[in-house]
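Breakdown of the fold
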Amino acid sequence: MFLLLHLHHCLRIAVAPSVLLVALYARRQYSPARKKKAAATTETTAKSTKKTTSKTTKEATSKVSLRPPKKTTAESMPRVFCVAEKPSIAKAVANHLSGNHITIRNTQNKYVKNYDFTFRFPASLGGECHATMSSVIGHTVVHDFEPHLRKWNSCQPSVLFDSKTVTFVDDDKKSIARNIQQESRRSTHLFIWTDCDREGEYIGTEIRDLALAANPHLVIKRARFNNIERAHVIQAALTPVEIDELQAAAVAARIELDLRIGAAFTRFQTLSLQSVEGLEKKVLSYGSCQFPTLGFVVDRYMLVARFVPEKFWGMKVVLEKGGVDVTFAWRRGRLFDRGVVTVLFERCLNGGKKVKVENLVTKPTKKWKPLPLTTVELQKQGSRFLGLSSQTVMTIAEKLYTSGFISYPRTETDSFDDGINLRNLISKHTQHPTWGAYAQGLIDGNFRQPRKGKNNDQAHPPIHPVACVMPTALANANERKVYDFVVRRFLACCSDDAVGQSTTVEISWGLPGANPPEWFSASGLVVVKRNYLDIYVYEKWGGTELPQFVLGEEIVPKEVGITEGKTSPPGFLTEPELIGLMDVNGIGTDATMAEHIAKIVEREYVFARPKVRGAGSDEHVGDGDDYVAHPDENEASARGGGRGRGRGRNRGGRGGFLATSRTLGGGIQEFVPSTLGIALVTGYDAMQMPLGTPSLTKPFLRKEMEVKMRGICDGRLSREEVVRDSLDMYRGVFAVANREVGRLKEACGRFLEGGEGV
C-alpha cells in the first residue's frame, strides 16, 4: 500500500487501478533485488551447463529491452486545443488562463501564434491539461460553384439557382487550416472560442470540421463569453457548452442563398446592360440586402426631387411680461388659404385690443434616461453624436472589445439581467479623471436600476464598459470618442431621469359670441434636476423660462400679425435614418447593417456627404428641444450580401449636384444616389411583377428571408426548407426580371445616355 501511495505521489496525477497494478508489476520486475536474484540464478545455471547460458542471457536481455519507459506528468496530461476567431482574442484568453505564463510558437501564418500553457479545466475537458491557444482569422472555408461554372459566360445565370456548390479552404487560409489539423492530431479535446453570435457559431463549425478530419476522436466543446475581462474568461473556461448547431445552420443557409441569388442577379444585370453606353465593362453587382438599402436612398431622393413647395399662413401674438417678450403660437397652426387667415385675423382685431389669459398649467415633467446600448443604437448615435460613419464606429468598437475595454459590441439586448453586478462595473470608474466623481456619486447613493427595454437576443448583455481606460491608453481621438460614449451611456443608464417643470399658458383673442375667439399658447421649461444629463452630454434639455402670468388677466399685445411661409422638402436620407429603416424592415442584422451601407457606397450606387444644415427636415441633435419620451417608448432601432463589385458612373443627382465621396467624420452623413443607382431602381420598379410580388429594390423579399432564418434558430424550420423556399421565391422574381429586362435597359439608357432627370 505504501508503494502504491509513493508511486501516486511521484506521478502527481490520478491513476486508474489497472494502471497502478501494471506500474507495480514493472517496479517489482525491475527492482535491484529482483535483478540481483535473477543474476545469481543465471550464474548457477551457467555452471551446470554452458549450453543454457547463451539462451538465458538472451532471454534476460530481451526482458530488459521490453521495460516500459516512465511517463512524465507532462506526457500523461490531456491536451486541449483552443481556437479563437481572431489572433487578438487568442492572445488575451491565453494570458488570462495561464496567468501570463505562456510559451509562444510561430505558425506558417505570420498573424497566427500558438500559445502553450497549463490550466485546470473541468472534467468534461480533461481536468488539468496542457493547452494550446490559437486562432483563425474569420472564415477559413469558401463556398463557390464548381470551377466550370465560375466564368461569366459559362452558363445562363438562372442555372446558378440549382447548380452544385463546393466548399474548400481559401488559398490565403491554408496555413491556418494546416495549423488546426497539426495541433488537433496531438490533442484530446477541441475548445472553440469564436465570437458568440450566429457567425461565430458557424465559424466554430468550420474549425470543428477541419479538426475532426485530422483527429476524429476529439471531444468538442465551446466557450460562451461576451467580453475578455479576466474573471469572465476564466468562468467561460470552467463552464463549456455545446456548439449551437441551429445558429450555425442559419448562417449556412444565408451563405448559400447569398451566393446563388447574388451570383445569378449580378451576372444577369451585368451581361444584360453591357449594351448601355458607359456600362460595357462594368460589373454591376447585386446583393439581396444592398439593393433594398439602395431602394431606401432612392425613394427619399425621389421625394426631395419631386417636391413642390406650398405656401401657408398663420397668426402670432407677442406679449411683453416683466421685460421678456413671449411669442404665442396659433392653435390652428397654419392654413393654406390666405383669405381665410385674413378673415380670422380681422375678426380678432375687431374683437378688442387685449388678449386674456385663459389657462395656466404648471406641472412636473421628466426626460427619461436612455435605454441600455444595443448595436443599432451605437451605430445610429455614433453617426449622430460623434460624427463617425457606422462602419467606423463598429470597427472601433470591435477593437475596444478585443482589447478588453468593452463588452461584445454585437447585441440586440437593451435590458440588463437582474443578476449582473452593475455597481461593481461602476466602481471601476471612480478614479477616472473625467467621470470618476460622477461614478462615485452613483456608488454613494445615486445609483438607479436601468430601464428595461423590449429586446433580448438571449446571448449578450447590452454594450457596456468592462474596464476603466485612461485617455492616453487609447490610440486616437476616434477611439476616445467611442469609448467615452459607451461609458457615458452606461453611467447614464444607471442614473436618475432628468426632472423639470413645464409651464403652458393659453390666451384667447377676440370677443366670445357668434364668432368665438382664436386661441394661442406658449410653453416654457425649467430643469430642476439634471441627473443623467450631467454625464450624458450628447443630449440637452431645456427651454424658455416663462415670466409669471396671472390667470384671467388681460394684456395688450406688443405685436400681432399674419405669418407666412412655405413647406420645405424632406432632407436626403441620413445614416441614422437609413439604419433605422433597415432595422425596422429586417434588412441585415445589427452586425451587418454598416457593411451593407458601405457596400452601396463602395459600388458608387450612392454617395455620402456631410449633411447640409438648413436643407429639408433637419434632425434635432440635442439642440435644446423639450421633447419628453414616454418610458415605454421603444427607441428607434440590424455579415452576407452579393458577389463582385459594381461601379456606377461618377454622377450625382439632379440640379447640377455632384455627390462627394464618403468622409469618415465631420457630422451626420446623408446619402444621395448616383445616376446609375437611380437608373437601376427605376428600371426594376418599372417591371410588371405578379400581384403580391414586390420589386427587388423593396425590403419585403429579404425581410421574409430573415424571418425564416430566425425560424432555423428557433428550431421551427430546417436549413433545407429555408433554402428551398427562398430560392423558389427569388427564382420566380428572376424569371419576371429576365422577361422584363427591356424596362431595365430603357431606364439605364434614359438616365445614363440621355442624361434625363427624375
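Higher on the page you've got the structure.
Just so we're clear, the structure is a prediction, and the values are computed from it rather than from any experiment. (Residues numbered from 1 in each chain as written. Predicted model: local features only at pLDDT ≥ 70, side-chain atom pairs only at ≥ 80, totals over all residues. Heavy atoms only, no water.)

1. Some words on the sheet that holds strand β18 (residues 669–673)
Pairing in this open sheet of three strands is antiparallel, and the strands run β16-β18-β17 from one edge to the other. With partners counted over all chains shown, the strands left at the sheet margins are β16 (573–574) and β17 (606–610), one partner each. Where β16 lies against β18, two bridges are found, and the strand directions are antiparallel. Looking across to β18, one finds that L573 is bridged to F671. Contacts between helix α11 (residues 290–305) and the sheet are confined to β16, β17 and β18, with β18 contributing the most and set at about 85 degrees to the helix. (Pairing = 2+ DSSP bridges. Helix = DSSP H or I, 4+ residues; strand = E, 2+ residues; numbered from the N terminus. Contact = heavy atoms within 4.5 Å. Axes fitted to C-alpha atoms, helices over the stretch in contact; angles between N-to-C directions.)

2. Brief notes about the packing of helix α7 (residues 174–185) against helix α8 (residues 198–214)
Between α7 and α8, the least distance of the axes is 8 Å, while the angle of their chain directions is 50 degrees. Classified by the angle their axes make, α7 and α8 are oblique. The crossing of α7 and α8 is right-handed. The segment α7 lies against α8, with A177, I180, Q181, S184 and R185 engaging I207, L210, A211, A213 and A214. Residue composition of the contact of α7 with α8, grouped by class: seven nonpolar, two polar and one charged. (Parallel < 35°, antiparallel > 145°, perpendicular 65-115°, else oblique. Left-handed = near helix turned anticlockwise from the far one by under 90°. Nonpolar A, V, L, I, M, F, W, Y, C, P; charged D, E, K, R; others polar.)

3. Overview of the nonpolar core
Core analysis: the largest hydrophobic core is formed by 71 residues, its most contacted members being I261, F265, Y684 and Y730. Dropping the residues within four chain positions of it, F265 is found in contact with F161, Y286, Y684, L696, Y730, F734 and A737. Counting residues in each nonpolar core, the second largest holds 69 residues, with L425, V469, Y483 and V486 among its members. (Core = buried A, V, L, I, M, F, W, Y, C linked by side-chain atoms within 4.5 Å. Buried < 20%, exposed > 50% of the residue type's maximum accessible area, 1.4 Å probe, protein only.)

4. Points about the environment of F328
Tracing the sequence through the fold places F328 in strand β10 (residues 324–330). Expressed as a C-alpha distance, the spacing of F328 and M315, which sit 13 residues apart in the sequence, is 9.1 Å.

5. Things to note about the sheet that holds strand β11 (residues 355–367)
The sheet built from seven strands is open, its strands ordered β14-β11-β12-β13-β10-β9-β15 with antiparallel pairing. The open sheet has two edge strands, β14 (554–555) and β15 (559–566), and neither has a second partner. Direction of pairing for strand β12 (residues 498–509) relative to strand β13 (residues 518–529): antiparallel, over a ladder of 11 bridges. Opposite W509, over in β13, you have E518 as the bridge partner.

6. A short note on the environment of F265
Topologically, F265 is positioned in helix α10 (residues 245–272). The class for F265 is buried, based on a relative accessible area of 0%. Along the backbone, F265 and S158 are 107 residues apart, and their C-alpha atoms lie at a distance of 8.4 Å.

7. What to know about α7
Between its first and last C-alpha atoms α7 spans 17 Å; for 12 residues at 1.5 Å apiece the expected length is 16 Å, and the two agree. Taken together, the buried positions of α7 are S175, I176, A177, N179, I180, E183 and S184. At its buried positions, α7 is contacted by β1 (79–84), β2 (103–106), β3 (113–120), β4 (128–135), β6 (165–169) and α8. (Expected span 1.5 Å × (residues − 1).)

8. A closer look at the packing of aromatic side chains
This model, assessed by the stated rule, comprises 26 aromatic pairs. Relative to W509, the ring of F345 lies with its centre 5.7 Å away and its plane at 75 degrees, an arrangement referred to as edge-to-face. Separated by 164 residues along the polypeptide, F345 in helix α12 (residues 338–351) and W509 in strand β12 bring together distant segments of the chain. A single burial state applies to F345 and to W509, both of which are buried. An aromatic cluster is present here, built from F161, F265, F268, Y286, F291, Y605, Y684 and F734 joined pairwise through their rings. Directly above the aromatic system of F312 lies the positively charged group of R334, at a separation of 4.3 Å from the ring centroid. (Phe/Tyr/Trp six-rings, centres within 6.5 Å; stacked < 30°, edge-to-face > 60°. Lys NZ or Arg CZ within 6 Å of the ring centre and 35° of its normal.)

9. Some words on the packing of helix α18 (residues 575–584) against helix α19 (residues 593–602)
Running from N to C, α18 and α19 cross one another at 120 degrees; their axes reach a closest spacing of 11 Å. Our classification of the angle between α18 and α19 gives oblique. For the pair α18 and α19, the crossing hand works out as right-handed. Together, E575, L578, I579, M582 and D583 of α18 and M593, H596 and I597 of α19 make up the contact between the two elements. The residue makeup of the contact of α18 with α19, split by class, is five nonpolar, one polar and two charged.

10. Section: the pairing of β2
Note: β2 against β3, four bridges, orientation antiparallel. Each bridged residue has a counterpart across the sheet, and for T103 the counterpart in β3 is D116.

11. Quick word on unusual backbone geometry
Unusually for a residue other than glycine, N531 sits at a positive phi of about 50 degrees. Position of N531 among the secondary structure elements: in the loop between β13 and β14. Phi at E604 is positive, roughly 60 degrees, even though this residue is not glycine. Residue position: E604 is located in the loop between α19 and β17. On the basis of relative accessible area, E604 is assigned to the partly exposed category, the value being 22%.

12. Considering the pairing of β3
On a regular strand, one side chain projects to one face of the sheet and the next to the other, so that they alternate. Linking β2 back to β3 in an antiparallel pair, the connection comprises six residues. Relative to β4, β3 runs antiparallel, the two sharing six bridges. Paired with T118 across the strands is H130, a residue of β4.

13. Some points on the environment of E377
The topology assignment puts E377 in helix α13 (residues 375–386). Judged by its relative accessible area of 6%, E377 falls in the buried class. E377 sits 203 residues away from G580 along the chain, and the two C-alpha atoms are 9.0 Å apart.

14. A look at helix α20 (residues 675–685)
With 10 of 11 residues buried, α20 lies mostly within the body of the structure. Within the span of α20, buried status applies to T675, L676, G677, I678, A679, L680, V681, T682, G683 and Y684. On its buried face, α20 sits against α10, α11, β18, α22 (719–739) and α23 (741–753).

Treat this as a map of the structure, not an account of what it does.
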